[in-house]
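Structure assessment
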Amino acid sequence: MSAHEKAAPGPTVIPFGPQHPVLPEPLHFDLVLQDEKVIDAIPQIGYIHRGLELLVDKRDYLDYVHVAERICGICSFMHGMGYCEAVETLLGITVPDRGRWLRTFWCELERVHSHLLWLGLGADSLGFENLFMAAWRARETVVDVAEETAGGRVIFGSALVGGVSKDPSDETLKRCIAAMKPVRAETLRLANVVMNESTVRHRFEGVGVLSKEMAYALGAVGPMLRASGVDYDVRRRGYAAYAEVDFETVTETAGDCMARALVRVREIEQSFHIMDQIVATMPSGPVAVPVKGMPPVGEAWVRLEQPRGEVLYYVRSNGTRNLERFRVRTPTFANVPAMVEAVRGASLADVPNIILTIDPCISCTER
Amino acid sequence: MARTAFRNFFTKPATRRYPFVVRPVFEATRGRILNDFPKCILCSMCAKHCPANAIVVDKAAGLWRIDRFACVICGACIRACPVKCLAMSNERAKGIDFSDIPGRTHEHNRATEPAAPKPAAPAAGTPNA
């Protein structure tokens, strides 16, 4: 072939990440492009593996909850609580009512703060800085409430095997609900922006479509699955106090980026609705039961619904103070195959949006 | 959103003018760990339960030391303490003075702070880093 002849243009591979302006955490994709179209994406994870699961056989099983909480900065309380629930199942402990109610309150608080954080990051991924700032300003009140009730803004630090370690008074909780009223109004306003703003609609509507069948077949979880029209929410299992509260499982049918955004925005409203009921029906009494002795030989697992979807915790004990195995299957890990499917066929410029609408949490995934 | 942009001309900033305006801490805030050292029996249960290995206890030398940078303020030491001499303060640790690098750790020494006579004397608050 002479220098003047051009070879037929074949696929190009563009590396995406691990350092990329839209990615808060390191995730790498090899995007196989034909012209501007993504024909395949090869994900690669493993940049921030910390070996937290292995620590479980070095730490006392009651102290490990502090390590479990640090798996992720956004769903910290749920990671701690999931570990506790698994160990409680192993030990056959029943958490007192007030403890269960407080756990539900903090779970929903975390969901609100995670979804508002996501809304900011999603807006940032399409260059909508104004919405980003507005969402994060609203979130500030929510993390303040977390600090007032649990003691920490990000790492709540209130999960404990046998219950919870903090007991905010009923007045504090009522004051917190009142303090979050403006956040509710602001969320509705931001939901309106997401639905009607032309820049958001241009970037989100019809982009990264995941069909109901594919979402189900690829094992997608959380808002990713519900945005494709599958009504599946682990909270319906009724762990903590979810059996006693009334809430709606938010689903959308379009399966595109817009549907995923709307599921999250509407879930915020549902979370506030749950928190209202929790505070209104808060029982009195102890928040934790004392836990003594060694865990019995055996294994246990529980499932929870995190802001990003279903998470599974597995613990195995050999009868000593150190558990033998702890395993977390995180929602982002479950969503990676669906994410690859959603990216396929999109144009290169839409890839950041699509990846952001999965709400990837790579720290969770790699533990 | 245009309304928001317009309104922002007439509203106060959403942020505080830190460090002139500091948000007060909440009662429940996990700030830092305090040791009421005269009550301490140097049993090293706190060091054993610390997930960050921030606490070092040397019974022979009469030393109790916490590394404020390593401490994750989880409160595991407080729950483990058999004499309840450890407590959570809602005041965060002050900024670190880098002219004095060991300042990142806070140390209690039996030589300067003798153990409380039995029965335990009223808690003498120890100045902290």
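**Thoughts on the overall build of chain B**
Across its full length, chain B carries 3 helices and 5 strands. Going from N to C terminus, chain B has its helices and strands arranged as α-β-α-β-β-α-β-β. For chain B, with 129 residues in total, the buried portion stands at 22%. For chain B, the proportion of contacts with a sequence separation of at least 24, taken over those separated by at least 6, is 69%.

**Let's talk about the sheet that holds strand β6 (residues 298-306) of chain A**
Residue and element names in this part refer to chain A. Pairing within the open sheet is antiparallel, and its 3 strands lie in the order β6-β7-β8. At either margin of the open sheet sits one strand with a lone partner, and together these are β6 and β8 (325-329). Here the average twist between neighbouring strands, direction ignored, is 10°. Taken together, the 9 bridges between β6 and strand β7 (residues 309-317) define a ladder with antiparallel strand orientation. The residue of β7 that forms the bridge with Q306 is G309. Each of β6 and β7 touches helix α2 (residues 76-91); the most contacted strand, β6, lies at about 145° to it.

**Notes on the interface of chain A and chain B**
Taken together, the contact between chain A and chain B spans 20 residues of the former and 13 residues of the latter. Of all the elements in the fold, those that place two or more residues in the side of chain A that touches chain B are α1 (64-69) and α4 (129-150) of chain A. Per-element tally for the side of chain A that touches chain B: the top contributor is α4 of chain A, with 7 residues. Considering only residue class, the side of chain A that touches chain B consists of 5 nonpolar, 7 polar and 8 charged.

**A look at the pairing of β8 of chain A**
All names here are of chain A. Where burial is concerned, the two faces of β8 differ: the one with F326 and V328 is buried and the one with R325, R327 and R329 is not. With 5 bridges connecting them, β7 and β8 associate as antiparallel partners. The partner of Y313 across the bridge, within β8, is V328.

**Brief notes about the sheet that holds strand β3 (residues 37-44) of chain A**
Residues and elements named next belong to chain A. The strand order across the open sheet built from 3 strands is β1-β2-β3, with neighbouring strands paired in antiparallel fashion. Edge strands, defined here as strands with exactly one partner in the open sheet, are β1 (12-16) and β3. Neighbour-to-neighbour, the strand axes of this sheet turn through a mean angle of 25°, independent of strand direction. As judged from the 5 bridges shared by β1 and strand β2 (residues 28-34), these two strands associate in the antiparallel manner. Its bridge partner lying in β2, F16 is registered against F29.

**A closer look at the packing of helix α5 (residues 170-179) of chain A against helix α10 (residues 257-280) of chain A**
Residue and element names in this part refer to chain A. Their axes nearest at 10 Å, the elements α5 and α10 cross at an angle of 155°. Looking at the two axes, α5 sits roughly antiparallel to α10. For the pair α5 and α10, the sense of crossing is left-handed. Contacts from L173, K174 and I177 of α5 reach α10 at M275, D276 and V279. Partitioned by chemical class, the residues of the contact of α5 with α10 number 4 nonpolar, no polar and 2 charged.

**Digging into the pairing of strand β3 (residues 63-67) of chain B**
Residue and element names in this part refer to chain B. Here β3 shows a clear split, with W64 and I66 buried on one side and none of L63, R65 and D67 buried on the other. Bridge count for strand β2 (residues 55-58) against β3 is 4 bridges, and the pairing is antiparallel. Bridge pairing in β3 places V57 opposite W64. Between β2 and β3, which pair antiparallel one after the other, the connecting turn spans 4 residues, and G62 there sits at a positive phi close to 70°.

**Concerning α4 of chain A**
The terminal C-alpha atoms of α4 of chain A, which comprises 22 residues, lie 31 Å apart, in line with the 32 Å expected from a rise of 1.5 Å per residue. When α4 of chain A is considered as a whole, its buried residues turn out to be L131, A134, A135, A138, R139, V142, V145, A146, E148, T149 and A150 of chain A. The elements touched by buried residues of α4 of chain A are α3 (97-125), α5 and α6 (181-196) of chain A together with α1 (2-7) of chain B.

**As for the packing of α4 of chain A against α6 of chain A**
All names here are of chain A. At a minimum axis distance of 10 Å, the contact between α4 and α6 shows a crossing angle of 160°. Accordingly, the angle class assigned to the pair α4 and α6 is roughly antiparallel. Seen along the crossing, α4 lies across α6 with a hand that is left-handed. Counting all contacts with α4, which are made through L131, A134, A135, A138, T141 and V142, the residues of α6 involved are V183, E186, T187, L190 and V193. Considering only residue class, the contact of α4 with α6 consists of 8 nonpolar, 2 polar and 1 charged.

**Comments concerning the environment of K292 of chain A**
All names here are of chain A. Its place among the elements puts K292 in the loop between α10 and β6. Residue classification places K292 among the exposed residues on the basis of 8 C-beta atoms within 10 Å. The spatial distance from the C-alpha of K292 to the C-alpha of L62 is 9.5 Å, given a sequence separation of 230 residues.

**Some remarks on the environment of A134 of chain A**
Note on placement: A134 of chain A falls in helix α4. On the neighbour-count criterion, A134 of chain A (23 C-beta atoms within 10 Å) is buried. Spatially, the C-alpha atom of A134 of chain A lies 7.9 Å from that of L190 of chain A, the residues being 56 residues apart in sequence. Other than its neighbours up to four places away in sequence, A134 of chain A contacts L190 of chain A together with T4 of chain B.

Conventions adopted
- Residues numbered from 1 in each chain as written.
- Chains lettered and ligands numbered in written order.
- Predicted model: local features only at pLDDT ≥ 70, side-chain atom pairs only at ≥ 80, totals over all residues.
- Helix = DSSP H or I, 4+ residues; strand = E, 2+ residues; numbered from the N terminus.
- Buried ≥ 20, exposed ≤ 12 C-beta atoms within 10 Å, placed from the backbone.
- Contact = placed C-beta atoms within 7 Å.
- Pairing = 2+ DSSP bridges.
- Axes fitted to C-alpha atoms, helices over the stretch in contact; angles between N-to-C directions.
- Nonpolar A, V, L, I, M, F, W, Y, C, P; charged D, E, K, R; others polar.
- Parallel < 35°, antiparallel > 145°, perpendicular 65-115°, else oblique.
- Left-handed = near helix turned anticlockwise from the far one by under 90°.
- Expected span 1.5 Å × (residues − 1).

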